[in-house]
Amino acid sequence: MRFIQQVLLLCLCTIPSMSYALSVEPANWWVGMKKNTITLMLHEQKIANTQFKLLPYQGVELTNTTCTENPNYVFLHIAISDTAQAGTLKFNSSENNNFSFSLLERTKNSAEREGFSNKDTVYLINPDRFVNGDKQNDTVSGMLEEVNPTFKGGRHGGDIQGVINALPYLKDLGVTQLWLTPVLENNMPDYSYHGYAITDFYNVDPRMGSNSLYKSLSVKAQEQGIGLVMDMVLNHFGAEHKWMKDKPSKDWINFNGEFKNGKNATSHARQTIQDPHASEYDKRQFNDGWFVASMPDLNQRQLLLSEYLIQNALWWIEYADLSGIRVDTYSYSDKAFLTAWTKAIMDEYPHFNIVGEEWTSNPAIASYWQRKKVNQDGYTSSLPSVMDFSLQEALIQALNEEESWSTGWVKVYQSLANDFLYPDTDNIMVFADNHDMSRVYTELKQDLAKTKMAMTMLLTTRGIPQIYYGTEVLLDNTPSKDHGDIRIDFPGGFEHQQANAFTGEDLTADQHSMHTMMSALLHFRKTSPALTNGKLTHFSPKNGVYSYARLSDEQTVLVFLNKNAQTINQELDYMKEVLPHNAKAKDILSNETHMLKSKLTLKPMSATVLVINK
């Protein structure tokens, strides 16, 4: 391979600039990646008026440079051949702002990593509210917001070290994947704890820990058989990011970087994307509109920004050895960009998984975004997984409503009957609640039996179950719907608490009962071929009972959810197509054995899960 030295052209820009130290993003890359053409974003005062050259490095070429109207940025385009070796690239400049850039070896079989799947259960954590593992980083010099545990919207001090400390508990509980709400820097003056107003896309917030500690979490979690799913935000960023003070280009932020007291707010009218009659005005108002003034909206049609976001995702997957990504506010970003972003990731990691948040109870809209869906408008998606908000809403309604031909369990039945809209029903994330809505125990009016039925259904139906931290000990936000109460401190994670979920100390009898049931289901699910790979066959609800089967070659699992306040002797004739004759079944929750003949006794307000091994 010949040695290449490429001298960049001088970029002449005249816009006034501010004083900044040189930053280079990303900080490194890897050899052997399919993504072998990368773009470095350089930021420094008047850097565009600098000539750069790459010192000779076999297999690497500096192909081009791009300048915008802002003289404080320059973008270097690098081509890395398949034969390039790991090492250090050296860039010299006419202004003596030289820098080095590392090319690293990839972890063995990195491209073949397995993403989360329907074999997993995902445990969602708000790190600031989970466990305070390092009190020294509760308040950090230079960060705009200090710790304030008495304020429900403040920072409470939970961090990555706390999650690491809790890994043995999570393994014992039976979860196999962790989804942490964003841990990247959110240097905002208030409400920074939630993580969705990112001010640095390449660095962990120092109040959460560090990049190396996040990587250590991934390693230690894998040692416990647990993968790490990163929450990524593509649509917006925090108003204290340097991009607001010094935009890389005039078109980097939608609506010229102006919120205008809400005039440029998003309409949240997600249906405009699929609506064949929608006006371009309405489409733009949804996609380009901001959520709030503190979260400016990114313009992913800007090609340099699109490249930046694609590289950032690949960088974190490779750096932290991720097993998945959850994408916040998925449909709010430009849809052509979303295809390019997901395709780049799935091309690099064919067995990876990405789930997009499309908050709609309409499965026709949600299914539009799943990979292999044939859409009327010709849109092709590369997103493997979506969230099932339809089932979440139906489940809460079903358990709170009286039974009739149009209310109660029929809502769940109808929601799942819409699965014909999805190209891959196994790769749908199901959940009873999350960090943006009231907790399931709250929504079910603190009814233990109903909450057990809800979680039994989610852990035994089709798809990938996600549970919100503390559901296993009945965390409750009654009577408030404030996000600070929904994201309540986990018992035992902070000094001031008396109850401790890690040790069981001072938990109520109901909390112990819920934890025992969920742990039993989670551990059974990990080894059950019927629940992880089996076909779902469900039956129309009758007399307050919803029943279904999960069927694999090795195993049949039968589930009965009895909403009645009295014992039911359930006739089994209707289940002949899934029920072996005179089958012997074990109830995994009670350990009782049943001979399944003509009837099955169902206890009042109960979930029954029977396993038949073939």
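Just so it is clear, the model here is predicted, and its values are computed rather than measured.

A. Structural context of the sheet that holds strand β1 (residues 23–25). Reading across the sheet, the four strands line up as β1-β3-β6-β5 and stay open at both edges, with antiparallel pairing between neighbours. Lying at the two open borders of the sheet, with one neighbouring strand each, are β1 and β5 (60–66). Adjacent strand axes in the sheet meet at a mean angle of 25° when their direction is disregarded. Along the sheet, helix α6 (residues 303–320) makes contact with β1, β3 (37–43), β5 and β6 (73–80), crossing β3 at roughly 105°.

B. Region of interest: unusual backbone geometry. A cis geometry characterises the amide bond from E25 onward to P26, with omega recorded as -5°. Note that the residue after T478, namely P479, is joined by a cis bond; omega there is 0°. With a phi angle near 55°, K260 is a residue other than glycine that sits in the positive phi range. Summarising the element assignment, K260 is placed in the loop between α4 (242–245) and α5 (280–288). The phi torsion at D321 lies on the positive side, around 55°, for a residue other than glycine. Its location among the elements puts D321 in the loop between α6 and β14 (324–328). The exposure class of D321 is partly exposed, given its relative accessible area of 30%.

C. Quick peek at the sheet that holds strand β7 (residues 87–93). Spatially, four strands are ordered β2-β8-β7-β4 in an open sheet, and the strand pairing comes out mixed. Each end of this open sheet is capped by a strand with a single partner; those strands are β2 (28–30) and β4 (52–54). Going from strand to strand, the sheet's axes swing by 25° on average, the running direction of each strand aside. Here five bridges tie β7 to strand β8 (residues 99–104), and the two strands are oriented antiparallel to one another.

D. Expanded view of the environment of Q222. Its location among the elements puts Q222 in helix α3 (residues 211–223). Under the relative-accessibility criterion, Q222 is labelled partly exposed at 41%. Sequence-wise, Q222 and S323 are 101 residues apart; in three dimensions their C-alpha atoms are separated by 9.9 Å.

E. Structural detail: the pairing of β3. The buried fraction of β3 is high, at six of seven residues. The pairing of β1 with β3 spans three bridges and is antiparallel. When the bridges of β3 are listed, E25 appears paired with M41. Pairing analysis gives seven bridges linking β3 to β6, with the strands arranged antiparallel.

F. Structural detail: the packing of aromatic side chains. Applying the stated criterion to the full structure yields 39 aromatic pairs. Aromatic pair F201 and Y308: ring centres 6.3 Å apart, planes at 85°, arrangement edge-to-face. One end of the pair, F201, is in strand β12 (residues 200–204); the other, Y308, is in helix α6, and 107 residues separate them in sequence. Exposure class is identical for F201 and Y308. Each is buried. An angle of 50° between the planes, with centres 4.8 Å apart, marks the rings of F291 and Y332 as tilted. Highlighted residues: F291 in the loop between α5 and α6 and Y332 in the loop between β14 and α7 (335–348), separated in sequence by 41 residues. Residue F291 is classed as partly exposed on the basis of its relative accessible area, which comes to 25%. Positioned above the aromatic ring of Y193 is the side chain of R129, whose terminal nitrogen or guanidinium carbon lies 4.0 Å from the ring centre. Positioned over the ring face of Y319 is K215, at 4.8 Å from the centre of the ring.

What counts and what doesn't
Residues numbered from 1 in each chain as written. Predicted model: local features only at pLDDT ≥ 70, side-chain atom pairs only at ≥ 80, totals over all residues. Heavy atoms only, no water. Pairing = 2+ DSSP bridges. Helix = DSSP H or I, 4+ residues; strand = E, 2+ residues; numbered from the N terminus. Axes fitted to C-alpha atoms, helices over the stretch in contact; angles between N-to-C directions. Contact = heavy atoms within 4.5 Å. Buried < 20%, exposed > 50% of the residue type's maximum accessible area, 1.4 Å probe, protein only. Phe/Tyr/Trp six-rings, centres within 6.5 Å; stacked < 30°, edge-to-face > 60°. Lys NZ or Arg CZ within 6 Å of the ring centre and 35° of its normal.

All we've got here are geometric facts, nothing functional implied.
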